[in-house]
Amino acid sequence: MNFMKNKQQHIKGMFKELGLLSSEYDFENIIPNSNFRNEVSKFNTEASNILKFSPELFVMPSSIRGNEEEKIKIVKNNIFFVKIITDLKFSKEELEIYEKYYKNTKVMILYLDFNKKSLFLDNFSNLKTRGKIKSPKQNIIDFVYNMNLSKSRDEVKEIVSKWNNLIFK
Amino acid sequence: MDTNTTNNIGRMNLTKRLEEVLKPFLIKEGFLIEDFGYNVTLRNNSSMRTILKKLIIKKSLTALMVKFGPDFICIKKGDKQELFFLDIKTSITPIFFDSYIEKLRNMAKLSKLSREDIGEIEREAWDSYNNFYPRNNVIIIIACPYNPNLILAERINNILCFYRFEKDTNIEAGGSRTPHVNIHLGKMRRLDVFLKEEFGVEVHSSEFNEILEFVKMWDINKSMRRVNWKQYDNAIKKLKQTCPWIKDRTERKLNL
């Protein structure tokens, strides 16, 4: 398993333990046929780049409960894509795809900061600036805790900390 | 052919049958086709697929992007090389009431709009193709037995959408009560013309004609509850003037 796949699996495991469903959504997973994927790779158009730069994970809560207003809040806030990055370099093409086609969706940029051995994340729309991406600052514990997943802050902290160790091992 | 389309499952099956005919046809004409859509992208996650079926999901554009992805990715190699997204659809329920067609004509300022011109697409699917994909690279093929051209195709940036149902459930519609948009079928090209003009593909006419004959066999769906048999008969009688293959109730009973 390559480096990013390994990290993707760990993050998926962390979300699962936090009570979220997640599905791999990257290029290899949305086009399982490797021959066809190779054909797609030969193109450099917006249509092909949407596929190539697909985010690593699609995440949602395992249940949607509450009154109508609460349910709306849950689906608007707690369904999102996760783009996993280990540095802040986005190609021009990739940035264009996210700015143009994901602008009405929720894309969380999850930054694996190997210097600080910590996970940071933020909404893509908060991070883009003049063709670049700023470093996400929000700690994942705060983000997950604010999702109201019926877990105390300490429980969230414990789960994140366990997976954090595996991710940065 | 009884289309068995009084319910949502029946309608989906009809589209599946059409896909099974069109896919090999397009492959033979030189296209590479790969399944896409959420049954592929979420194939390992039945829990997510179940949640995505809930009505409340419509409030999340992120979820809609996943749920309403186009059904296929296609590649045309050669001179007019292109990667595009494809969705194959069927429209078998015309608008039965003349007064409603008149209303649409006035609202859309399309004085010549006819019953044959009016196609229906699920609203969320339409929005998804328009917002989350390059509009010039999303192609819709729609088969419609009440349109004289039977199988139409167009890039979505060339499709005229002239009506949009705004509420989240359409209590006036039968079956799934899904909100819809109406598109102008009369401004779309027949599939063979479209393939020739867009990709330089000269289709095998005998095989294309077989597909046209397949669509001609489909029965016109009667909207549940809202349309009585007299209203149905009147609309069929009018449609038969431009689409003589459409069977009225007597012909259907005799299986002609």
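Everything below is about the structure printed above this text.
Here the residue numbers are simple positions, counted from 1 along each chain's written sequence. Note on labels: chains are lettered from A, ligands numbered from 1, in written order. Reporting in this predicted model follows two pLDDT cut-offs: at least 70 for local features of residues, and 80 or more for side-chain atom pairs to be given and counted; totals over whole chains, interfaces and linings ignore these cut-offs and use all residues. Side-chain descriptors were evaluated using all non-hydrogen atoms of the structure, hydrogens and water having been removed beforehand.

### Here's the deal with the packing of aromatic side chains
Between two aromatic rings, the relevant description is the distance of the centres plus the angle of the planes.
Turning to step 1, where the next piece is worked out: Ring geometry is summarised as follows: Phe, Tyr and Trp rings, the Trp one being its six-membered ring, pair when their centres sit within 6.5 Å, and such pairs are stacked at plane angles under 30 degrees, edge-to-face over 60 and tilted between the two. Overall, the coordinates contain 21 aromatic pairs over all chains when judged by the stated rule.
Turning to step 2, where the next piece is worked out: Look at Phe25 of chain B and Phe208 of chain B: their rings are 6.0 Å apart centre to centre, the planes differ by 35°, and that puts the pair in the tilted class. Of this pair, Phe25 of chain B sits in helix H1 (residues 8-28) while Phe208 of chain B sits in helix H8 (residues 205-216), and the two are 183 residues apart along the sequence. Like Phe208 of chain B, Phe25 of chain B is buried.
Turning to step 3, where the next piece is worked out: Cluster of aromatic residues (ring-pair linked, three or more members): Tyr25, Phe58, Phe81, Phe90, Tyr98, Tyr102 and Phe124 of chain A.
Turning to step 4, where the next piece is worked out: Whether a charge sits over a ring depends on NZ of Lys or CZ of Arg being within 6 Å of the ring centre and within 35 degrees of the ring normal. It is Arg153 of chain A that lies over the ring of Tyr145 of chain A; its NZ or CZ is 5.8 Å from the centre.
Turning to step 5, where the next piece is worked out: One cation-aromatic arrangement involves Lys222 of chain B over Trp229 of chain B; the distance from NZ or CZ to the ring centre is 4.9 Å. Helix and strand definitions follow DSSP, with helices as H or I runs of at least four residues and strands as E runs of at least two, each counted in order from the N terminus. Any residue under 20% of the maximum accessible area for its type is buried, any over 50% is exposed, and the rest in between are partly exposed; the area is computed with a 1.4 Å probe on protein chains only.

### So, the nonpolar core
Turning to step 1, where the next piece is worked out: The definition of a nonpolar core used throughout is a set of buried Ala, Val, Leu, Ile, Met, Phe, Trp, Tyr and Cys residues joined through side-chain atoms within 4.5 Å. Residues Leu51 and Phe58 of chain A together with Leu52 and Ile183 of chain B are the most contacted members of the largest nonpolar core, which totals 75 residues.
Turning to step 2, where the next piece is worked out: Residues Leu26, Ile33, Leu86 and Ala143 of chain B belong to the second largest nonpolar core, which totals 31 residues.

### Some remarks on the pairing of strand S2 (residues 72-76) of chain B
Residues and elements named next belong to chain B.
Turning to step 1, where the next piece is worked out: Most of S2 sits inside the fold, with five of its five residues counted as buried.
Turning to step 2, where the next piece is worked out: A two-sided burial pattern is seen for S2, the buried positions comprising Phe72, Cys74 and Lys76 on one face and Ile73 and Ile75 on the other.
Turning to step 3, where the next piece is worked out: The pairing criterion for strands is at least two bridges between them, as found by DSSP. Pairing between S2 and strand S3 (residues 82-90): five bridges, direction antiparallel. When the sheet's bridge partners are listed, Cys74 is paired in S3 with Phe84.
Turning to step 4, where the next piece is worked out: Taking the residues that link successive antiparallel strands as the turn, the S2-S3 hairpin has five residues, and the phi of Gly78 there is positive, at about 100°.

### With respect to the pairing of strand S6 (residues 151-155) of chain B
All names here are of chain B.
Turning to step 1, where the next piece is worked out: With respect to burial, S6 is a largely interior element, five of its five residues being buried.
Turning to step 2, where the next piece is worked out: Of the two faces of S6, the one holding Ile151, Ala153 and Arg155 and the one holding Leu152 and Glu154 are both buried throughout.
Turning to step 3, where the next piece is worked out: One ladder, built from five bridges, connects strand S5 (residues 138-143) with S6; its direction is antiparallel. Looking across to S6, one finds that Ile142 is bridged to Leu152.

### Some thoughts on the environment of Asn209 of chain B
Turning to step 1, where the next piece is worked out: Among the secondary structure elements, Asn209 of chain B is positioned in helix H8.
Turning to step 2, where the next piece is worked out: Separated by 85 residues in the primary sequence, Asn209 of chain B and Glu124 of chain B have C-alpha atoms spaced 32 Å apart.

### Points about the side chain of Glu34 of chain B
Turning to step 1, where the next piece is worked out: With respect to the secondary-structure elements, Glu34 of chain B resides in strand S1 (residues 31-35).
Turning to step 2, where the next piece is worked out: No salt bridge is formed by the buried Glu34 of chain B; its nearest oppositely charged neighbour, Lys23 of chain B, is found at 7.7 Å.
Turning to step 3, where the next piece is worked out: Polar contact is defined as a pair of N or O atoms within 3.5 Å, subject to the rule that within protein one atom must be able to donate a hydrogen and the other to accept it, and that residues adjacent in sequence are counted only when both atoms are side-chain atoms. In terms of polar contacts, Glu34 of chain B uses its side chain to reach the side chain of Asn33 of chain A, at 3.2 Å.
Turning to step 4, where the next piece is worked out: Here Glu34 of chain B is in contact with Ile31, Asn33 and Phe36 of chain A together with Asp71, Phe72 and Ile73 of chain B, once residues within four sequence places are set aside. In this tally Asp and Glu are treated as negative and Lys and Arg as positive; neither His nor the chain ends contributes. Salt bridge, as applied in this entry: a Lys or Arg side-chain nitrogen positioned within 4 Å of an Asp or Glu carboxyl oxygen. In this description, contact between two residues means that some pair of their heavy atoms is separated by no more than 4.5 Å.

### Focus on the sheet that holds strand S7 (residues 161-164) of chain B
Residue and element names in this part refer to chain B.
Turning to step 1, where the next piece is worked out: Pairing is antiparallel across the open sheet formed by three strands, whose spatial order is S4-S8-S7. The open sheet has two edge strands, strand S4 (118-122) and S7, and neither has a second partner. Ignoring which end each strand starts from, the neighbouring axes of this sheet average 30° apart.
Turning to step 2, where the next piece is worked out: Looking at chain direction, S7 and strand S8 (residues 180-184) are connected through three bridges and run antiparallel. Note on S8: the bridge partner recorded for Arg164 is Val181. Only the stretch in contact is used when a helix axis is fitted, and all axes are lines through C-alpha atoms; the angle between N-to-C directions ranges over 0 to 180 degrees.

### Overview of the interface of chain B and chain A
Turning to step 1, where the next piece is worked out: Across the boundary between the two partners, chain B contributes 34 residues, which contact 41 residues of chain A.
Turning to step 2, where the next piece is worked out: Here chain B is connected to chain A by one salt bridge.
Turning to step 3, where the next piece is worked out: Residue Lys77 of chain B pairs with Glu39 of chain A through a salt bridge whose shortest N-O separation is 2.9 Å.
Turning to step 4, where the next piece is worked out: Taken together, the connections running from chain B to chain A amount to five residue pairs in polar contact (both at pLDDT 80 or more).
Turning to step 5, where the next piece is worked out: Ranked by residues supplied to the side of chain B that touches chain A, first place goes to helix H4 (residues 61-67) of chain B with five residues.

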